[in-house]
Each structure stands twice: as structure tokens, then as C-alpha cells.
Amino acid sequence: MNRITIRTLFMLFSGEDNCDALMPFIDISVMEISKIIKPDADIEDVRLNFLCAANANYRYQQARSARDNSEYTYAGKMISADNKTVVSYALKLLKDYYELCSDLIQPQNFIFMSFSSKEDI
């Protein structure tokens, strides 16, 4: 993975011109994606850069939405619907890149279920 490429892609996805203050989103994204890469996967695959940037953008949009979730007006407080739309599109983009990288990363949709015997109830 190339942090310079990830940074450029993050700027493209987020629409931010200068992301120096937003580097923690990129750093945590790289750590998060690094943990799910398959051991035999090529870490230089360009798709991982896109996945990291999409993940960083999603985390950034979540944080921005949490901060800007309400708008204050003269009459009071009003919930902004645009923030939810931005986050939902960032999530769709992230899901698309997870799908694109499915052969490089470990599955993330595992659900653990157990069954108990009558004695356990």
C-alpha cells in the first residue's frame, strides 16, 4: 500500500483540498485494512490503495456527520438530511471496494452461532 496514493485518493473521495489535518483517518484506515489482508495477498496491489482511501473517507464522513448532524437556526435546531446522504454514499463506495478486493482480504461477514442443549436452558 502506498500512503501517497491513498492520500490522493482520499482527497478525491472526500472533496477536501488539504488533508494534512485528516491524516489520522488515513493512518487508522491503513492499520485497519492491514489487519484483514490475507497472508498470501500482494500488499502492493493497487486495489488496496482504493480500499484504504474509501475506508478513510467513510470514517471521515461519519465523524463529520456526527459533528454536523444538526443545524442551528433562528427558530431552533433542525436535523440536516444531507449528512446522512453523504455517509450512505461513502458506505456504498466502501462496500464496492471491499467487493473489488474480496480475493485479497479475509471475509468480514462471519456470524458465530452456537446451539445449547436442553440442560443449558
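Quick notes on the rules
Residues numbered from 1 in each chain as written. Predicted model: local features only at pLDDT ≥ 70, side-chain atom pairs only at ≥ 80, totals over all residues. Heavy atoms only, no water. Salt bridge = Lys/Arg side-chain N within 4 Å of Asp/Glu carboxyl O. Helix = DSSP H or I, 4+ residues; strand = E, 2+ residues; numbered from the N terminus. Buried < 20%, exposed > 50% of the residue type's maximum accessible area, 1.4 Å probe, protein only. Contact = heavy atoms within 4.5 Å.

Q: What is the right way to read the pattern of salt bridges from this model?
A: As a working rule, side chains carrying opposite charge can pair if their charged atoms are close by. Counted under the stated rule, the structure contains five salt bridges. Residues Arg 3 and Asp 27 are paired through a salt bridge, measuring 2.8 Å at the closest nitrogen-oxygen approach. With Arg 3 in helix H1 (residues 3-14) and Asp 27 in helix H2 (residues 23-36), this pair connects stretches of sequence that are 24 residues apart. In this structure, Glu 32 and Arg 59 form a salt bridge, with 2.8 Å as the shortest nitrogen-oxygen distance. Remark: Arg 59 occurs in helix H3 (residues 46-67) and Glu 32 occurs in helix H2; sequence separation between them is 27 residues. The class for Arg 59 is partly exposed, based on a relative accessible area of 28%. Salt bridges sharing common partners tie together Asp 45, Arg 47 and Asp 103.

Q: Please clarify how the environment of Ala 54 should be interpreted in this entry.
A: Checked against the element boundaries, Ala 54 lands in helix H3. You can call Ala 54 buried: its relative accessible area is 0%. In the structure, Ala 54 is positioned 41 residues away from Phe 13 in sequence and 7.0 Å away in space, judged by C-alpha atoms. Once you skip the residues sitting within four places of it in the chain, Ala 54 turns out to touch Phe 13, Leu 93, Leu 94 and Tyr 97.

Shape descriptors only; they carry no functional weight alone.
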